[in-house]
Amino acid sequence: MSLSNEQSAAFLAHGGFTPGASASLLIAMVFAVLLVWGVWALRTAYVGWAEHKLTKRQLLGVAVRFAAMYVVLTYFLLS
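Below: a short report on this structure. (Residues numbered from 1 in each chain as written. Predicted model: local features only at pLDDT ≥ 70, side-chain atom pairs only at ≥ 80, totals over all residues. Heavy atoms only, no water.)

1. So, the overall build of the protein
Piece 1. Scanning the protein from terminus to terminus reveals 3 helices and 0 strands.
Piece 2. Starting at the N terminus and ending at the C terminus, the protein contains elements arranged as α-α-α.
Piece 3. Scaling as 2.2 N^0.38, a compact globule of 79 residues should have a C-alpha radius of gyration of about 12 Å, whereas the protein reaches 19 Å, well beyond that.
Piece 4. Its C-alpha atoms give the protein principal-axis dimensions of roughly 60 × 20 × 10 Å.
Piece 5. Within the protein, the fraction of its 79 residues that count as buried is 11%.
Piece 6. Across the protein, contacts joining residues at least 24 apart in sequence account for 51% of those joining residues at least 6 apart.
Piece 7. Here the protein has roughly 6,400 Å² of accessible surface; of this, 71% comes from carbon and sulfur atoms. (Helix = DSSP H or I, 4+ residues; strand = E, 2+ residues; numbered from the N terminus. Rg over C-alpha atoms; globule rule 2.2 N^0.38 Å. Buried < 20%, exposed > 50% of the residue type's maximum accessible area, 1.4 Å probe, protein only. Contact = heavy atoms within 4.5 Å. Areas by Shrake-Rupley, 256 points an atom, 1.4 Å probe, with all protein chains shown as cover.)

Put into structure tokens, the structure is as follows:
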């Protein structure tokens, strides 16, 4: 559902930015959180692997799950 011209003008007048800019900011925030979480998860898994608490297979599983989440979110949010 798209906004009418009056709604879009009111949004711009009250907020100072367009609805499209707001949507872009939200998507950017989702990707930033995902990347920060991914770095944390991969680092934690690497430390576990380096201390022999995880196997290479478990480390690879964490990396594959992160990559899959990134690909799925990219597909849904940017298409």
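2. Re the pattern of salt bridges
Pairing is possible between side chains of opposite charge, provided their charged atoms come close.
Piece 1. Tallying each qualifying case throughout the model produces 1 salt bridge.
Piece 2. Glu-51 is the salt-bridge partner of Lys-53, the closest N and O atoms lying 3.5 Å from each other.
Piece 3. Residue Lys-53 is classed as exposed on the basis of its relative accessible area of 63%.
Piece 4. Here Glu-51 falls in the partly exposed class, since its relative accessible area comes to 46%. (Salt bridge = Lys/Arg side-chain N within 4 Å of Asp/Glu carboxyl O.)

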